[in-house]
Amino acid sequence: QVQLVESGGGLVQAGGSLRLSCAASGRIFSINAMGWYRQAPGKQRELVAAITSGGSTNYADSVKGRFTISRDNAKNTVYLQMNSLKPEDTAVYYCAASTVVHGTARGYDYWGQGTQVTVSS
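Residues numbered from 1 in each chain as written. Predicted model: local features only at pLDDT ≥ 70, side-chain atom pairs only at ≥ 80, totals over all residues. Heavy atoms only, no water.

(A) Focus on the state of the cysteines. In the structure shown here, the tally under the stated rule is one disulfide. One disulfide bridge connects Cys22 with Cys95, the sulfur atoms lying 2.0 Å from each other. Here the S-S torsion is close to -75°, and the disulfide linking Cys22 with Cys95 is therefore left-handed. In this pair, Cys22 sits in strand 3 (residues 18–26) while Cys95 sits in strand 9 (residues 91–101), placing the two residues 73 residues apart along the sequence. This pair shows no difference in class: Cys22 is buried, exactly as Cys95 is. (Disulfide = S-S within 2.5 Å. Helix = DSSP H or I, 4+ residues; strand = E, 2+ residues; numbered from the N terminus. Buried < 20%, exposed > 50% of the residue type's maximum accessible area, 1.4 Å probe, protein only.)

See below:
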């Protein structure tokens, strides 16, 4: 089992910044990638950014150049630095962990509880 606890959401004006944190615990050695997803009201959940155990990153086109995903291995924590926030970034943001068990990749099978990000215009 992997446990994920997010923090850092809140209300910010357009153009502002927030940093989300996701602390992982449990069977962290099984994690091969961490991602941040978001879900806005009436929309499907979408991948915002991800980082692999090797340090490779990828981003949704809508956040490239504005968001940065990073990790602190010593703290087992992944961060999402969000700059130049826009009202359309408003959503519940979820941290997710992708694991490998007995050599089988299971995809994003562990999720945090979500944290609300609201960007006012």
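After presenting the structure, the write-up continues.
(B) Spotlight on the pattern of salt bridges. Applying the stated rule across the entire model yields five salt bridges. Measuring nitrogen to oxygen at the nearest pair gives 2.8 Å for the salt bridge that ties Asp89 to Arg66. Of this pair, Asp89 sits in the loop between strand 8 (77–82) and strand 9 while Arg66 sits in the loop between strand 6 (57–59) and strand 7 (67–72), placing them 23 residues apart in sequence. Here Asp89 falls in the buried class, since its relative accessible area comes to 0%. When salt bridges that share partners are traced, they join Arg38, Glu46, Arg66 and Asp89 into one network. (Salt bridge = Lys/Arg side-chain N within 4 Å of Asp/Glu carboxyl O.)

(C) Spatial organisation of the side chain of Ser30. Tracing the sequence through the fold places Ser30 in the loop between strand 3 and strand 4 (31–39). The class of Ser30 is buried, set by a relative accessible area of 8%. Separated by 2.6 Å, the side chain of Ser30 and the backbone oxygen of Arg27 make a polar contact. Ignoring any residue separated from it by four or fewer positions in sequence, one finds Ser30 in contact with Val2, Ser98, Thr99 and Val100. (Polar contact = N/O pair within 3.5 Å; in protein donor to acceptor, adjacent residues only side chain to side chain. Contact = heavy atoms within 4.5 Å.)

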